[in-house]
Amino acid sequence: MLPEEEQPAPDPVIGPELAAARTRLGLTVDQLADRTRIRPHVIEAVEVDDFSPCGGDFYARGHLRTLARVLGIDAAPLVASYDERYADAPVTPRRVFEAELGQGGALRGTRGGPNWSVLVAAVMALVLAWSVARLVTDSPVEVRDPLPSLTTTSGTTATGTKVPVVLTAAGGGAEVVVRDGANELVYKGTLAFGQVKVLPKVSQPVRVQSSDGSVQVSVGGVDHGALGATGRQAQDTFVAE
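(A) Quick peek at the pairing of strand β3 (residues 185-191). Here strand β2 (residues 174-179) pairs with β3 via six bridges, running antiparallel. Note that in β3 the partner of Val178 across the bridge is Tyr187. Two successive antiparallel strands, β2 and β3, enclose a turn made up of five residues, where Asn183 displays a positive phi of approximately 65°.

(B) Looking closely at the confidence of the model for the protein chain. Confidence in the prediction of the protein chain, expressed as mean pLDDT, is 76, and 67% of residues score 70 or more. Here helix α6 (residues 93-101) stands out as the element of the protein chain with the lowest mean pLDDT, 51, in contrast to helix α3 (residues 40-46), whose mean of 94 is the highest. Considering only residues more than four positions removed or in separate chains, one finds that residues 102-114, a stretch of pLDDT under 50, has 11 contacts. Contacts from residues 139-157, a stretch scored under 50 in pLDDT, to residues over four places away or in other chains number 36 contacts.

(C) Main features of helix α1 (residues 14-24). Turning to α1, its buried residues are Ile14, Gly15, Leu18, Ala19, Ala21 and Arg22. Seen end-on, α1 carries its buried residues on one side only, within an arc spanning 160°. Relative to its buried face, α1 has exposed residues pointing more than 90 degrees away, namely Thr23 and Arg24. Where α1 is buried, its residues touch α2 (29-36), α3, α4 (57-71) and α5 (75-85). One or two positions beyond α1, positive phi appears at Gly26, with a value near 70°.

(D) Molecular detail of the sheet that holds strand β6 (residues 216-219). Here four strands make up an open sheet; going across it, the order is β4-β1-β6-β7 and the pairing antiparallel. The open sheet has two edge strands, β4 (196-203) and β7 (222-226), and neither has a second partner. Adjacent strand axes in the sheet meet at a mean angle of 20°, parallel and antiparallel pairs treated alike.

(E) Representation of the packing of aromatic side chains. One pass over the full model with this rule turns up four aromatic pairs. Arranged with centres 5.3 Å apart and planes meeting at 90°, the rings of Phe58 and Tyr59 form a pair that is edge-to-face. A relative accessible area of 11% places Tyr59 in the buried class. Aromatic side chains Tyr82 and Tyr86 sit 5.9 Å apart centroid to centroid with 40° between the ring planes, which places their arrangement in the tilted category. Each of the two residues, Tyr82 as well as Tyr86, counts as buried. Three or more aromatic residues link up through ring pairs in this structure, and these residues are Phe51, Tyr82 and Tyr86.

(F) Spatial organisation of the packing of α4 against α5. Following both chains from N to C, one finds α4 and α5 inclined at 155°, their axes separated by 9 Å at the closest point. Taken together, α4 and α5 sit at an angle that is classed as roughly antiparallel. For the element pair α4 and α5, the recorded crossing hand is right-handed. Touching Asp57, Ala60, Arg61, Leu64, Arg65 and Ala68 of α4 are Ala75, Leu78, Val79, Tyr82 and Asp83, all from α5. Its residues assigned to classes, the contact of α4 with α5 shows seven nonpolar, no polar and four charged.

So, how was this worked out
Residues numbered from 1 in each chain as written. Predicted model: local features only at pLDDT ≥ 70, side-chain atom pairs only at ≥ 80, totals over all residues. Heavy atoms only, no water. Pairing = 2+ DSSP bridges. Helix = DSSP H or I, 4+ residues; strand = E, 2+ residues; numbered from the N terminus. pLDDT = per-residue confidence, 0-100. Contact = heavy atoms within 4.5 Å. Buried < 20%, exposed > 50% of the residue type's maximum accessible area, 1.4 Å probe, protein only. Arc of directions from axis to C-beta. Axes fitted to C-alpha atoms, helices over the stretch in contact; angles between N-to-C directions. Phe/Tyr/Trp six-rings, centres within 6.5 Å; stacked < 30°, edge-to-face > 60°. Parallel < 35°, antiparallel > 145°, perpendicular 65-115°, else oblique. Left-handed = near helix turned anticlockwise from the far one by under 90°. Nonpolar A, V, L, I, M, F, W, Y, C, P; charged D, E, K, R; others polar.

Written as structure tokens, this is what we have:
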């Protein structure tokens, strides 16, 4: 009989919702893994409600929140379902070690080999540091007031002229803040994957801040590309010449 931790979960309800959202967005498991930094085999297991590769409740909840954010769905019901059906499962260092190394099978036991308890403890410390870093990078964008004014090549401040601003979310769950030349809030909201937000008239200079730098920005008909690095907070100021 298989150990309890490796038995498939009966009647999966959490994973299918994640898989359906991924399919709607046209993402493969590998593409989703690139966006979430979660290994593909862990995502495949979660999509059938097999949370053993996560290594425990703390990591499983973190993976669920990250997947939901990128897929543009609400994480709260998923975490609630997890707590109701699967919570209080013991943390298994061996499974965490396997998940981080991307191994599907069990660790090979050898007599007189390396001290696995020390090695697993070191890996657990690295995993904990990585999880804390993810929580920091996934936090809402910090609105910094005010940003410096922007001047044109002639030396005059480029304020007052209104231009259209188009924001396109290349990732899911990006929290975006847009301010005009007077530092007035023009837009604040969350953009789902592929969503386009059009702001028809924004006074220059245009200030854009996002919790995910993959947001594409166009100001005055000029495409400026991604605001910054994917998965990291970014901000910039734009003016149409």
